Amino acid sequence: MTRRPRRAGRAVVLFLAALLPLLAGAGQAQAAGYRYWSFWDLDGDGWTYATQGPSVARPADGDVQGFRFAVSEESDDSAQPRGAADFDAICAKTPAEDGTKRVALVLDFGTARDAPSGETPPANRTACARVAPDASTAEALASVAEPLRYDNSALLCAIAGYPQRGCGEQVSGTGTEPGAGGSASGKQSEDGTEDTGPPASEESGKSGESGGPSLGLVAGGAVVALLGVAAFWQVRRRG
């Protein structure tokens, strides 16, 4: 007399086990990121996320700095600039001059996956900016990669005219490549000493987009819990 309830209980357990991965996948599908230019300093042989905005940073003669356009889901997965980052190679054809400094810049326009709709990333390139000794990174960048575009909050939106539109917009269903290493803390504004926008600050303040579980996943978990309780009482009643 007890076989039928046990079989029913096993069926419910198997059903719930099959349902959970689907609900988890639905929650993950809602992940969103932000499309923006990130700013980096070369530290030894590796990139570190810049802690100052490009108009505040004052690179020294011989420094190497990089910019990367990409979509990132979180502030700590920002993609790093790719390609060679060697000052001597980048500035080989730009001789030193008294009263100036040279800053090597690595400009990575990202991948087609990260490009806004209808736009194609330009070829990545490097440039050697020869500027005044007290020049900022923004001034060095402007001397070799115009036109630059900023938004009303002085956030860097475009380098060498790319992208033509948009600035730090949210993008759902990202397919970005994660950045290796670095201590990304968000996007740099042109005049900020720290990150001033998403993904770090805006993302944490929006329902369903924070570091916690998504609304769909929570609701799915509640459904599973209710089904489990119903199955328990059904089996117990039959027993």
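Everything numeric here is computed off the predicted structure, so don't read it as measured data. (Residues numbered from 1 in each chain as written. Predicted model: local features only at pLDDT ≥ 70, side-chain atom pairs only at ≥ 80, totals over all residues. Heavy atoms only, no water.)

Chemist: How should I be thinking about the pattern of salt bridges in this particular structure?
Modeler: Note on pairing: side chains with opposite charge can pair once their charged atoms come close. Within the structure shown, the criterion is met by five salt bridges. Between arginine 35 and glutamate 169 there is a salt bridge, with its nearest N and O atoms 2.8 Å apart. Taken together, the positions of arginine 35 in strand S1 (residues 32–43) and glutamate 169 in the loop between strand S7 (156–158) and strand S8 (170–172) put the pair 134 residues apart, joining distant regions of the chain. Under the relative-accessibility criterion, glutamate 169 is labelled partly exposed at 24%. The salt bridge partner of arginine 68 is aspartate 108, with a shortest N-O separation of 3.6 Å. Taken as a pair, arginine 68 in strand S3 (residues 64–72) and aspartate 108 in strand S4 (residues 101–108) lie far apart in primary sequence, 40 residues in all. Owing to a relative accessible area of 1%, arginine 68 belongs among the buried residues under this scheme. Classification of aspartate 108 as buried rests on a relative accessible area of 0%. (Salt bridge = Lys/Arg side-chain N within 4 Å of Asp/Glu carboxyl O. Helix = DSSP H or I, 4+ residues; strand = E, 2+ residues; numbered from the N terminus. Buried < 20%, exposed > 50% of the residue type's maximum accessible area, 1.4 Å probe, protein only.)

Chemist: What should I look at first to understand the nonpolar core in this one?
Modeler: Generally speaking, soluble globular proteins have nonpolar side chains that are buried together. Within the largest apolar cluster, 20 residues are counted, with the highest numbers of intra-cluster contacts made by Trp37, Phe67, Leu105, Leu107, Leu141 and Ile159. Listing elements by their share of this core, those giving two or more residues are S1, S3, S4, strand S5 (125–131) and helix H3 (137–144). Residue contributions to this core peak at three residues, all from S4. Not counting residues within four places of it along the chain, the set of residues in contact with leucine 105 comprises Gln65, Phe67, Ile90, Arg125, Thr126, Ala127, Ala129, Ala140, Leu141 and Val144. The next biggest cluster of nonpolar side chains, apart from the first, holds twelve residues, and it includes Tyr36, Trp40, Cys91 and Ala104. (Core = buried A, V, L, I, M, F, W, Y, C linked by side-chain atoms within 4.5 Å. Contact = heavy atoms within 4.5 Å.)

Chemist: Looking at this model, I keep getting lost on the confidence of the model for the protein chain. Mind explaining?
Modeler: Atom-level detail of predicted coordinates should not be read off regions where pLDDT is low. Here the protein chain shows a mean pLDDT of 75. Residues at 70 or above account for 58%. Predicted confidence for residues 174–219 stays below pLDDT 50, and this span has 119 contacts to residues more than four positions away or in other chains. (pLDDT = per-residue confidence, 0-100.)

Chemist: Would you mind going over empty space enclosed by the protein with me for this structure?
Modeler: Gaps between atoms show up when a probe of the same size as a water molecule is rolled over them. Considering all chains together, one arrives at one cavity of 30 Å³ or more under this definition. By volume, the largest cavity is sized at about 70 Å³. Lining the largest cavity are 15 residues, with Arg35, Tyr36, Cys157, Cys167 and Gly168 positioned closest to its centre. Of all the secondary structure elements, the ones that give two or more residues to the lining of the largest cavity are S1 and S7. Looking at which element gives the most residues to the lining of the largest cavity, the answer is S1, with three residues. Here the lining of the largest cavity is composed, by residue class, of nine nonpolar, two polar and four charged. (1 Å grid on protein atoms, 1.4 Å probe; cavity = no way out; pocket = protein on both sides within 12 Å on 5 of 7 lines; lining within 4 Å. Points joined across faces, edges and corners; volume = space filled by probe spheres on them. Nonpolar A, V, L, I, M, F, W, Y, C, P; charged D, E, K, R; others polar.)

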